[in-house]
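# Close look at the chain arrangement
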Amino acid sequence: MPHAPTTPRTEARPKTARPPLYKVILLNDDFTPRDFVVTVLKAVFRMGEGEALGVMLAAHQLGAAVVAVFTREIAEEKILRAHEMAAAEDHPLTFTSEKE
Ligand code: NFA
């Protein structure tokens, strides 16, 4: 009697759970001082001076720049911290996030 096809008991490539990732995006504005943007990128996103300058300039010139990619929870937490720093100095600096 023919037997039914069987599925392997173990996967050749076991699936690992990967949470969805979110890009954090820096938006340009006409008011926030460049130095302050760099300070926030260094403090909240742990960037060095050169990387922070590059991301700030990219947003300044293009309108927006991707800062980094995180899980939703971490992205939200970092955006909140960045917005708190900006609000404390009355700057309109804005970050958004977008699912990858
Ligand atoms: N465009 C701002 C300025 O000229 C600097 C800036 C860069 C603001 C990136 C926000 C994001 N002072």
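Residues numbered from 1 in each chain as written. Predicted model: local features only at pLDDT ≥ 70, side-chain atom pairs only at ≥ 80, totals over all residues. Heavy atoms only, no water.

Let's shift gears to helix α3 (residues 72–88). Its 17 residues give α3 an end-to-end C-alpha distance of 24 Å, which sits within 8% of 24 Å, the value for a rise of 1.5 Å per residue. Those residues of α3 not exposed but buried are Ala75, Lys78, Ile79, Ala82 and Ala86. The arc that holds the buried residues of α3, viewed along the axis, is 100°, so those residues lie on one side. Exposed residues lying more than 90 degrees from the buried face of α3 are Glu73, Leu80 and Ala88. Along its buried surface, α3 packs onto β1 (21–27), α1 (34–45), β2 (64–71) and β3 (94–99). (Helix = DSSP H or I, 4+ residues; strand = E, 2+ residues; numbered from the N terminus. Expected span 1.5 Å × (residues − 1). Buried < 20%, exposed > 50% of the residue type's maximum accessible area, 1.4 Å probe, protein only. Arc of directions from axis to C-beta. Contact = heavy atoms within 4.5 Å.)

Close contact between α1 and helix α2 (residues 49–62) brings their axes to 9 Å; oriented N to C, the two are set at 125°. Relative to α2, the element α1 lies oblique. Here α1 runs over α2; the crossing is right-handed. Contacts between α1 and α2 involve Arg34, Val37, Val38, Leu41 and Lys42 from the former and Glu49, Ala52, Leu53, Val55, Met56, Leu57 and His60 from the latter. For the contact of α1 with α2, the class distribution of residues is 8 nonpolar, 1 polar and 3 charged. (Axes fitted to C-alpha atoms, helices over the stretch in contact; angles between N-to-C directions. Parallel < 35°, antiparallel > 145°, perpendicular 65-115°, else oblique. Left-handed = near helix turned anticlockwise from the far one by under 90°. Nonpolar A, V, L, I, M, F, W, Y, C, P; charged D, E, K, R; others polar.)

The first and last C-alpha atoms of α2 sit 20 Å apart over 14 residues, in line with the 20 Å expected at 1.5 Å per residue. What α2 keeps buried is the set Ala52, Val55, Met56 and Ala59. Projected down its long axis, α2 shows its buried positions confined to an angular sector of 100°, all on one face. Projecting away from the buried face of α2 at angles above 90 degrees are the exposed residues Gly50, Gln61 and Leu62. Each element contacted by the buried residues of α2 is listed here: β1, α1 and β2. Immediately beyond the C-terminal end of α2, within one or two residues, lies Gly63, with a positive phi of roughly 105°.

With that settled, the discussion passes to the environment of Asp35. Note that Asp35 resides in helix α1. Take Asp35: its relative accessible area is 62%, and that puts it in the exposed class. The sequence separation of Asp35 and Val67 amounts to 32 residues, and the corresponding C-alpha distance is 16 Å.

Keep in mind these numbers describe shape, not what the thing actually does.
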